[in-house]
Amino acid sequence: MSAESGDVAEEAMLRGGSYDLLRRRLGQHVGALEDAAEELDSRRIDAFGSTALSLTGADRLATDLACTPRDVVRIGDLLLLGFTLELAGGLESPEQVFALYEVSGLDQDRPDLVPVPLDDERNFLGDPDFRAEFDTLVRFFGKTRFVDLRTTTNHLLAVFQVGDRIDDVRVLRWTLSGDGAARRATFLDGRGEREYTWPPAHDRQWTTAVREDQRAGAHPVVSVLDEVFVGFRNGRLQLRVDAGGGATHAEIDEGVANAGQSLADVGVDHLTVGDILLIRVRLYDESPRTYIFSRRSRTGRRVDAAGETSRLLPGDEGVVFPGGYHLTSTGTRTFDLEVTDLVFEEMIASPNGEDVLYVFHRRTTGEYLLMPYNLVRRDVAQAIACHGIATFADGSMVLFRDQPVDAEPTTAHPVQWWVTPFADDVDAAASADGDPWVGRVGNAALVAGLGDVFDVVRLARDADPTARTWESLTARARRAIDQHLWLAADPAAGVASAIREVVTTSGQLLDEHRLEERRRAAARASLAEAETDVREVLNGIGTASTPDQVVSALGRLRRTRGEMSTVADIAAIDTERVGELVAELDRGLAD
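The text that follows walks through the structure, step by step, so that each part is easy to find. Remember, predicted model here, so these are calculated numbers, not experimental data.

Let us now look at the pairing of strand S17 (residues 289-294). Across the six residues of S17, six count as buried, placing the element largely inside the fold. Side chains Arg289, Tyr291 and Phe293 of S17 all project onto a buried face; the interleaved residues Thr290, Ile292 and Ser294 project onto the opposite face, where all are buried too. The pairing of strand S16 (residues 276-282) with S17 spans six bridges and is antiparallel. Within S17, the residue paired with Arg280 across the bridge is Thr290. Between S16 and the antiparallel strand that follows it, S17, lie six residues; Asp285 among them carries a positive phi value of about 60°. Inspection of the sheet shows S17 paired to strand S18 (residues 299-302) by four bridges, in the antiparallel sense. Its bridge partner lying in S18, Ile292 is registered against Arg301. Between the antiparallel neighbours S17 and S18 lie four residues, among them Arg298 with a positive phi of about 60°.

Written out as structure tokens, the structure is:
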């Protein structure tokens, strides 16, 4: 077959509504787009560099007393480590809580940690004012227990819990001065409680459902944006979504502790971020349950951690929460971790704009959960559990390992060294002398643009696409071209032309999908009409009492039997159900 005749045949198939052919064509365009984006990303990395988070070494720190590590911070070239110690007589000296080390050899896989003597002028733990304040603290409060270390712009804070509640704290403060390795701490006072604050649990406001959102009926529900309907059936909690044709189906169906509760006993909150819909259900005498729904695919799953604390990902591309994240392009991913009671503490951005580190903290026991998010690949490759972290100017990171074996007090404490992209701004200067065009565009712009391009690739490979999938794909592809004008430049490796092909094909897929939906709707209507006719015909035979009525009923049955062959030929019809109706008619004729 000639190339010209092959093109004609392909166009004829398209005109005939070949959805599979369009999917294959889209796959080819997406493959070309991915190759072009990978090539451009390689040039970006060659020009500006890219550091992956990776473990480089491990060590052990020795303490005189058996204790458990709690936190660590960096002050210049020094590391301040904090420990918890259970003593029957209570704390007596700072050395039972703190240890100060000098760090050297950061260019090695395992840098050196050397204790700083108490008489060293850099050792701020030897300050008489600090030691007097510490002595007053532990004498006045019998339950004093070290819980946290934190640095602000100008201060170092050491936090002690002095009561039964987690917020019963006293905070010792040091003033920080100098820059880089020369940064030093000078004791200030013991009144830092006002500086020891926590960010809000969520950076978006939740909306609470009101009476106007309730829908009456045989099974009353709370409507969330007319997309998800929360209610009870048979004593079970259901979150139902629109299934088309005015029907709904239960996307979530769960048991509850109190089966007799009604909508009057619960509260429903929601939060939207683009395609993402978070729903929090506050049941009677139970902890709140949180569900993440994709508005595009109308699918959802329960992720309670997202209701406790969450943060928007850059560009509003999704949300991150303790132990997982949800992206508009790929859905929800969770790690197999214990995330109870974790709260958001801070976000650390890499100076090149490619990575963001989300830090969550369990205030009751001191564990940290680190979730590094890459803006190009739009993923969290790993989640790291630890007891305190400290980063250095070159991006090196040290942390106390957090494993079940480390939970018991000991005199040897395992630490890990990591290489990370989270360097200080001044230490991360990079140039792109070898690729002038890449240098003119800039790393931040390349990261944002390539992230959008890879999002298009992931969305195009949705295994179960709907009309909303193709709408979102078209919108995202067009937005990538409109927002990142440099994609159309000749040095951009043909990314823009590949995206335009994706836009064209996704538009055709949307049209074909809508056509298929109309076919299915028409097929459902035809099948419903056929079922009604069959019921009427069979009922007519059953109620016929005279010979004329029987003859008439049999004639109508034969006509209906013949018409079923036409019904079976309707596109998108449920042929299995048609066969069942034919079998019922045949039994009627036989009887």
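Back to the text.
This part is about the pattern of salt bridges. Inspection of the entire model under this criterion finds 45 salt bridges. A salt bridge links Arg280 to Asp269, with the shortest nitrogen-to-oxygen separation between them at 3.3 Å. With a gap of eleven residues between them, Arg280 in strand S16 and Asp269 in strand S15 (residues 267-273) connect regions that are remote in the sequence. Assigned by exposure class, Arg280 and Asp269 land together as buried. For Glu584, the salt bridge identified is with Arg535, shortest N-O distance 2.1 Å. Separated by 49 residues along the polypeptide, Glu584 in helix H10 (residues 575-590) and Arg535 in helix H8 (residues 495-543) bring together distant segments of the chain. Since its relative accessible area comes to 33%, Arg535 is described here as partly exposed. Taken together, the shared-partner salt bridges in this structure form one network comprising Glu317, Arg378, Asp452, Asp455, Arg458, Arg476 and Arg479.

Moving on: the sheet that holds strand S6 (residues 155-161). As summarised here, the arrangement of the four strands in space is S5-S6-S7-S8, forming an open sheet in which the pairing is antiparallel. Looking along the sheet, the strands with just one partner apiece sit at the ends: strand S5 (145-151) and strand S8 (184-189). Adjacent strand axes in the sheet meet at a mean angle of 25°, parallel and antiparallel pairs treated alike. For S5 and S6, the ladder comprises six bridges, and the chain directions are antiparallel. What sits directly across from Phe146, in S6, is Phe160. Sitting on the sheet, helix H3 (residues 128-140) touches S6, strand S7 (169-177) and S8, and the angle it makes with S7 is about 170°.

Below, the discussion takes up the environment of Arg236. For Arg236, the location among the structural elements is in strand S13 (residues 236-244). As a C-alpha pair, Arg236 and Ile279 span 43 residues in sequence and 17 Å in three-dimensional space. In contact with Arg236, other than residues within four places in its own chain, are Gly231, Asp253, Glu254 and Gly255. Reaching out from Arg236, the side chain makes a polar contact with the side chain of Asp253 at a distance of 2.6 Å.

Thresholds applied
- Residues numbered from 1 in each chain as written.
- Predicted model: local features only at pLDDT ≥ 70, side-chain atom pairs only at ≥ 80, totals over all residues.
- Heavy atoms only, no water.
- Buried < 20%, exposed > 50% of the residue type's maximum accessible area, 1.4 Å probe, protein only.
- Helix = DSSP H or I, 4+ residues; strand = E, 2+ residues; numbered from the N terminus.
- Pairing = 2+ DSSP bridges.
- Salt bridge = Lys/Arg side-chain N within 4 Å of Asp/Glu carboxyl O.
- Axes fitted to C-alpha atoms, helices over the stretch in contact; angles between N-to-C directions.
- Contact = heavy atoms within 4.5 Å.
- Polar contact = N/O pair within 3.5 Å; in protein donor to acceptor, adjacent residues only side chain to side chain.

Fair warning: the whole summary comes from geometry, so function is off the table for now.
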